[in-house]
Each structure stands twice: as C-alpha cells, then as structure tokens.
Amino acid sequence: MTKYQMINLEGKPVEEVELPDEIFNVEINEHVVYLVVKNILANKRQGTQSAKTRTEVRGGGRKPWRQKGTGRARQGSIRAPQWRGGGIVFAPKPRSYRYTTPKKVRRLAMKSVLTDKVRQQELILIDNFTMDAPKTKEFANFLEIAGAKKKALFLMAETDKNAYLSARNIQGVSVGTVGTMNVYDLLKYDSLILTRDALNKIVEVYN
C-alpha cells in the first residue's frame with residue numbers, strides 16, 4: 001500500500017490514506033497509454049469531410065476536342081481529375097473513425113496514468129468538498145491553498161452543480177465525475193483532485 005496525504009478545505013492535513021498498489025503503484029506501460037489516447041481522439045473525430053469525385057462534379061458532359069488530329073493529348077472530359085475544377089481522385093467521404101480497444105488495455109492505461117500522477121505528486125486528495133452556493137472566488141482560493149497547478153481536473157463521485165458553476169469561469173480548470181474520467185483528460189491536466197468518495201469509487205471499480 002502506498003500512503004498519501006489527504007487534506008481538508010483549508011489545505012491542512014487530515015490523515016494518510018493507503019492507496020492500493022494494484023491501481024496506484026503499477027509498472028507504467030507507455031505504449032498502452034498511447035493506444036488508448038489514440039482511440040479516444042479517433043472517437044472524437046466528426047468524420048464529416050467530403051470532396052466530389054469526377055462523377056459528382058458539375059459539367060464536362062462532352063469531349064473538349066476530338067480524339068485525333070489536334071496534336072493535343074486525348075481528353076474525355078474537362079472534369080477529369082487533371083483539370084482545374086475537376087473531380088478529386090479517391091475523394092474523402094463522410095465516415096466513422098470509431099473503434100474500441102480491449103477492456104484490459106483501457107484498465108491498464110488508466111492504472112498507468114494514475115500511478116504516474118502519484119509518483120509526480122500531481123494527485124491531490126481532499127477529505128470532503130461541499131459548497132452551499134456557486135462561488136468562483138472560494139473555489140479559486142481552495143485550488144491555490146491545495147497547491148493545484150493552472151490546469152487542474154477536479155473529480156467527484158457524483159455531480160455537484162455548485163462546484164461545476166464555481167469552476168466553469170476559471171481558465172484551465174474542469175469539474176467532473178469519476179464516471180466521465182478518461183486517460184486523455186488525466187494526461188491533459190497537470191493536477192488531479194479527488195474527493196474521498198471519488199477515490200473510493202475508483203478503488204471499487206479498478207481493484
């Protein structure tokens with residue numbers, strides 16, 4: 001078990017929490033992380049690119065000149081690919097780039113990134129987080145007290161509207177739930193902040 005300090009809203013140490021080695025102290029597999037990030041980015045692609053082939057371009061219904069006797073190369077249409085305004089060879093068409101990676105690969109990538117967060121001291125554990133009303137200033141003060149970097153990801157066990165509204169105007173800060181956590185976001189943000197409930201949920205899911 002890896003011991004890690006948990007703090008309260010005032011930034012004061014509360015207790016040392018034991019993190020399971022099966023999740024937060026594994027051998028980091030960079031290639032697996034790469035595969036999962038590549039998959040996430042591919043699934044984000046809209047795939048709406050489109051260009052016209054020679055059969056879809058308007059015009060070019062007749063030969064521009066006769067086949068023989070002109071001294072010029074034979075041409076069948078002014079909308080052939082070699083002509084200006086002609087169709088595109090192997091034109092891209094709308095398609096889906098979505099695919100899935102095996103569950104074991106995704107889990108190993110997640111554990112590798114969480115392990116890296118612990119080793120780089122980029123993980124912040126908070127005992128309990130409650131806000132009576134959306135207050136951006138209070139949320140920003142907490143981030144400063146906790147030692148979070150400019151790009152911080154705050155994850156909770158359940159959706160908290162007040163926390164979301166408090167953080168949405170702070171540049172580089174994002175609030176979400178453990179259910180929406182993915183490898184790409186963990187790499188994107190420099191600090192990962194977890195509540196006690198969020199940590200327990202991660203241990204429950206990945207242990």
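Above this note sits the structure.
Note that the coordinates shown come from a computational prediction; the quantities given were computed from them, not determined experimentally.

Trainee: Please clarify how the environment of Thr177 should be interpreted in this entry.
Mentor: Considering the arrangement of structural elements, one finds Thr177 in strand 5 (residues 173-177). Accessibility expressed as a relative area gives 15% for Thr177, which makes it buried. Apart from the residues lying within four places of it in its own chain, the contact partners of Thr177 are Leu155, Met156, Ala157, Glu158 and Thr159.

Trainee: Hey, could you run me through helix 2 (residues 30-44) in this one?
Mentor: Compared with an ideal rise of 1.5 Å per residue, which puts 15 residues at 21 Å, helix 2 spans 21 Å between its outermost C-alpha atoms and is within 8% of the ideal. Buried positions along helix 2 lie against helix 3 (103-119) and helix 6 (183-188). For helix 2, the side-chain oxygen to backbone nitrogen distance between the N-cap and His31 is 3.3 Å, and the N-cap itself is Asn29.

Trainee: Help me out: how do you make sense of the layout of surface pockets in this one?
Mentor: Where empty space is left in the structure can be found by rolling a water-sized probe over the atoms. The computed volume of the largest pocket comes to approximately 240 Å³. Contributing to the lining of the largest pocket are 15 residues, with Val36, Asn39, Ile40, Thr101 and Arg106 lying nearest its centre. Elements supplying a minimum of two residues to the lining of the largest pocket: helix 2, helix 3 and helix 7 (196-206). Residue composition of the lining of the largest pocket, grouped by class: seven nonpolar, five polar and three charged. Roughly 160 Å³ of volume is contained in the second largest pocket. Along its surface, the second largest pocket is lined by Asp127, Asn128, Phe129, Thr130, Met156, Ala157, Glu158, Asp160, Thr195, Arg196 and Asp197.

Conventions and cut-offs
Residues numbered from 1 in each chain as written. Predicted model: local features only at pLDDT ≥ 70, side-chain atom pairs only at ≥ 80, totals over all residues. Heavy atoms only, no water. Helix = DSSP H or I, 4+ residues; strand = E, 2+ residues; numbered from the N terminus. Buried < 20%, exposed > 50% of the residue type's maximum accessible area, 1.4 Å probe, protein only. Contact = heavy atoms within 4.5 Å. Expected span 1.5 Å × (residues − 1). Polar contact = N/O pair within 3.5 Å; in protein donor to acceptor, adjacent residues only side chain to side chain. 1 Å grid on protein atoms, 1.4 Å probe; cavity = no way out; pocket = protein on both sides within 12 Å on 5 of 7 lines; lining within 4 Å. Points joined across faces, edges and corners; volume = space filled by probe spheres on them. Nonpolar A, V, L, I, M, F, W, Y, C, P; charged D, E, K, R; others polar.

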